[in-house]
Amino acid sequence: MEQPAGGRGRPPCLPSGIGGKATVDAPPNIAFVKYWGARDLERAIPANRSISMTLRRSFSRSTVEHDPALERHEVHWWGAEGLEPAPPSFGARVAAHLDRLRAWAGVGGAFRVGTRNNFPAAAGLASSASGFAALTLATVAALGREASVEELSDLARRSGSGSASRSVLGGYVEWPRGWRRGELHAFPLAPAGHWDLRDVIAVVESGPKETSSLDGHTRARSGPYWRARQRELPARLAAVRAAIAGRDLAALGEVIEEEAIDLHAVAMTSRPPIFYWKPGTLAVLAAVRALRGEGVGAWSTMDAGANVHVLCEPTDEPVVAARLEELDAVHEVIRDGVGEGPRAGEVHLF
Ligand code: PMV
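Residues numbered from 1 in each chain as written. Predicted model: local features only at pLDDT ≥ 70, side-chain atom pairs only at ≥ 80, totals over all residues. Heavy atoms only, no water.

Caption draft 1: Broad picture of the overall build of the protein. From N to C terminus, the protein includes 9 helices and 16 strands. In summary, the protein has a C-alpha radius of gyration of 19 Å against a globular reference of 20 Å for 350 residues, a match within 12%. Its C-alpha atoms put the protein at 60 × 45 × 40 Å along the principal axes. A total of 350 residues make up the protein; the buried ones form 56% of that total. If you take every contact in the protein between residues at least 6 apart in sequence, the share linking residues at least 24 apart comes to 77%. Here the protein has roughly 14,400 Å² of accessible surface; of this, 51% comes from carbon and sulfur atoms. Here the protein contributes 40 positively and 41 negatively charged side chains, and the mean placements of these two sets differ by 7 Å. (Helix = DSSP H or I, 4+ residues; strand = E, 2+ residues; numbered from the N terminus. Rg over C-alpha atoms; globule rule 2.2 N^0.38 Å. Buried < 20%, exposed > 50% of the residue type's maximum accessible area, 1.4 Å probe, protein only. Contact = heavy atoms within 4.5 Å. Areas by Shrake-Rupley, 256 points an atom, 1.4 Å probe, with all protein chains shown as cover. Lys, Arg positive; Asp, Glu negative; His and termini not counted. Charge placed at Lys NZ, Arg CZ, Asp CG, Glu CD.)

Written out as structure tokens, the structure is:
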């Protein structure tokens, strides 16, 4: 398999923080083999390895300004009228991560932060992965620091959103489970240019989900199917790596559909149970099976939410998108695909 350039060293996504201020756009990622359950949830040390694809068009934008004279972090997000103070629960998670980054950098003062997504937040589209990846990169850049991709991935993991460690990299990415010291950061499996896969996202619910993935990780081991899924994972990870290396969508698709259904089976049978699926989720899964029956290579996966990601080759993207748009349950279809990872934001949010 081709090796991506820039696995080590200063990543191009780290802009120079002119005047102590920097903006980064970071995409979400869709997991093929999911992170579900942690050995240490606070530090996001996962129970199992995971593999994902970083997206291209969807992104979270984060502008961070460091002010040595500021006493408390100021966190804003994008509301109906523009930037507004973020709700306390969100602001507290962001502030806790800013404290970590401030300690890492060994500086004083505090940060002003503005954040915005160009896709529905908290609906199983990994907005926490893209949001914390963007926040981490923009903060490091605002401080004028340099760091390797590995260090940035590890810093993003420490936000508590483990999947943020994968959004720091583009293309196809693996995140190990960190038995060995220094093995807690994600690493590239193949660059975006290796295989132009498309992800057609059927949004059946755009509001926030009822149970956060953090609660999901906490309950993951409580049900009877946790162990059964864990036993499947080594073979699944190997099959996904081989399918990516060989650009074999049918092989990849079979494994990722099975893995997504297992993840939701574990969630639905945890104690107390978590139901992320909505009736629209099942309608999309049925449409994807019907497409395959007609010879279209379309395969689904879902993260911790009701929305369905449909993976396909570029030639099939129009027919897949058109079919999903026809469904009453689908509010919006987002056409995305594999992308190169975070980049410097074009404009500051403030
Ligand atoms: O990184 P978190 O804590 O937001 O959890 C991610 C959970 C899944 O999206 C369901 C799986 C994954 O690996 O992205």
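Caption draft 2: Representation of helix α1 (residues 88-105) within the structure. The end-to-end C-alpha separation of α1 is 25 Å, in line with the 26 Å expected for 18 residues at 1.5 Å each. Contacts made by the buried residues of α1 are with β7 (74-79), β9 (110-117), α2 (127-142) and α3 (149-157). Positioned one or two residues after α1, G106 has a phi angle of 70°, which is positive. (Expected span 1.5 Å × (residues − 1).)

Caption draft 3: View of the sheet that holds strand β14 (residues 308-312). Pairing in this open sheet of 4 strands is antiparallel, and the strands run β13-β14-β12-β15 from one edge to the other. Strand pairing shows two members of the sheet lacking a second neighbour, β13 (298-301) and β15 (332-337), which therefore form its edges. Each strand axis lies, on average, 25° off the axis of its neighbour in the sheet, ignoring direction. Bridge count between strand β12 (residues 198-203) and β14: 5 bridges; the pairing is antiparallel. For R198, the partnering residue across the bridge sits in β14 and is C312. Across the sheet, helix α7 (residues 249-268) is in contact with β13 and β14; its angle to β13 comes to roughly 30°. (Pairing = 2+ DSSP bridges. Axes fitted to C-alpha atoms, helices over the stretch in contact; angles between N-to-C directions.)

Caption draft 4: Structural context of the sheet that holds strand β10 (residues 172-175). If you walk across this open sheet you meet the 4 strands as β2-β5-β10-β11, and the pairing is antiparallel. The open sheet is flanked by β2 (29-33) and β11 (187-190), the only strands paired with a single partner. Taking each pair of neighbouring strands and ignoring which way they run, the sheet shows an average axis angle of 35°. The sheet contact formed by β2 and strand β5 (residues 50-54) spans 4 bridges and is antiparallel. By the bridge assignment, A31 is partnered in β5 with S52.

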